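# Structural description and commentary
One-letter residues, chain by chain:
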Amino acid sequence: MSQTADLPSWIPSAGYGVSRVPCAGRFAAVVLPRPVGELLLKAVPARGVLTDVAADVLVWLVPPGSLTTDAVPGASLLGPGDAVHVPPADWRRWEPVRWVVPPRGDCLAEPGVLSSALRRLSERVCVCCWAFPERPAVITGAAADGQSVSLTVCQLHADEVTAALKYAAEVARVLA
Ligand SMILES: [Zn+2]
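Conventions used here
Residues numbered from 1 in each chain as written. Predicted model: local features only at pLDDT ≥ 70, side-chain atom pairs only at ≥ 80, totals over all residues. Heavy atoms only, no water. Domains from an automatic or database assignment. Donors = N, O, S within 2.8 Å, 3.2 Å for Na, K, Ca; no water. Tetrahedral: all angles 85-135°; square planar, octahedral: opposite > 155°, others 65-115°. Helix = DSSP H or I, 4+ residues; strand = E, 2+ residues; numbered from the N terminus. Buried < 20%, exposed > 50% of the residue type's maximum accessible area, 1.4 Å probe, protein only. Phe/Tyr/Trp six-rings, centres within 6.5 Å; stacked < 30°, edge-to-face > 60°. Pairing = 2+ DSSP bridges. Axes fitted to C-alpha atoms, helices over the stretch in contact; angles between N-to-C directions. Core = buried A, V, L, I, M, F, W, Y, C linked by side-chain atoms within 4.5 Å. Contact = heavy atoms within 4.5 Å.

Moving on, we come to the domain arrangement of the protein. Taken domain by domain, the protein consists of domain 1 (19-122) and domain 2 (137-175). Distance between the C-alpha centres of domain 1 and domain 2: 29 Å.

In structure tokens:
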């Protein structure tokens, strides 16, 4: 069965099922918790976004090597050596791995746009529960490596994160 002509050859044909596609040379994958991923859908023009229902994630594809982990706070970045489960282009409704934005063209999102949207989001989302707090708190402290960090949290998680940062500071002191 032939694929829609303008789609990359790594997208499996209809009826083939899900294919485990190595990232190497094709794309890097930005894997996001569902709530964050869904918010990004409104901010980032996409040419194909995947969801894995079991893992509860959304997956953006970007050009290989175009982003570093630092550029995508809150996301996992899959690169050479990793692989992504890719369904046929017409899996869009109820399948456990499916497209939430139908694939078109090279299926790759603009990495700069994705990165800056993610940075903006991470400043407003609680690092623990990924909720958008009405009154976010920003907690500053030292991470385990001694670097200073600022974390956005909801009121519910403020104490937890404060305690975690204190502990990290303690660890840093002991190791120093
Ligand atoms: Zn929270």
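Reference values for angles at a metal are 109.5 degrees in the four-donor tetrahedral case and 90 or 180 degrees in the six-donor octahedral case. Bound to the zinc ion are the protein donor atoms Cys126 (SG), Cys129 (SG), Cys154 (SG) and His157 (ND1), situated 2.0 to 2.3 Å from the metal. Viewed at the metal, the four donor atoms of the zinc ion are separated by angles of 99 to 115 degrees, and the geometry they form is tetrahedral. Donor residues for the zinc ion, ordered by position in the chain, follow C-x2-C-x24-C-x2-H. With a gap of 28 residues between them, Cys126 in the loop between α2 (111-122) and β8 (137-142) and Cys154 in the loop between β9 (148-153) and α3 (155-175) connect regions that are remote in the sequence. The same class applies to Cys126 and to Cys154, which are both buried.

Turning our eyes to something else, we now look at the packing of aromatic side chains. Scanning the model with the defined rule gives one aromatic pair in all. When the centroid spacing of 4.8 Å and the interplanar angle of 65 degrees are considered together, the rings of Trp10 and Phe27 count as edge-to-face. Placement of the pair is Trp10 in the segment before β1 (19-22) and Phe27 in the loop between β1 and β2 (28-33), with a sequence separation of 17 residues. For the pair shown, Trp10 and Phe27 are each scored as buried.

Attention now moves to the sheet that holds strand β5 (residues 76-78). Backbone hydrogen bonds hold the strands of a sheet together, and the pairing may be parallel or antiparallel. A sheet is described by the order of its strands in space; here five strands give the open sequence β5-β2-β4-β3-β7, paired in antiparallel fashion. Either end of the sheet is taken by a strand with one partner, and the two such strands are β5 and β7 (97-101). Averaged over all pairs of adjacent strands, the angle between their axes in this sheet comes to 30 degrees, without regard to strand direction. Bridge analysis of β2 against β5 gives three bridges, and the strand direction is antiparallel.

Within the largest apolar cluster, 22 residues are counted, with the highest numbers of intra-cluster contacts made by Val30, Leu32, Leu40, Trp60, Leu114 and Leu118. Among the elements of the structure, β2, α1 (34-43), β4 (57-62) and α2 are those that each provide at least two residues to this core. Among the elements that take part in this core, α2 stands out by supplying four residues, more than any other. Apart from the residues lying within four places of it in its own chain, the contact partners of Leu32 are Gly37, Leu40, Asp56, Val57, Leu58, Trp60, Gly74, Ala75 and Leu118. In this structure, Leu7, Ile11, Ala29 and Val57 belong to the second largest nonpolar core, which totals 18 residues.

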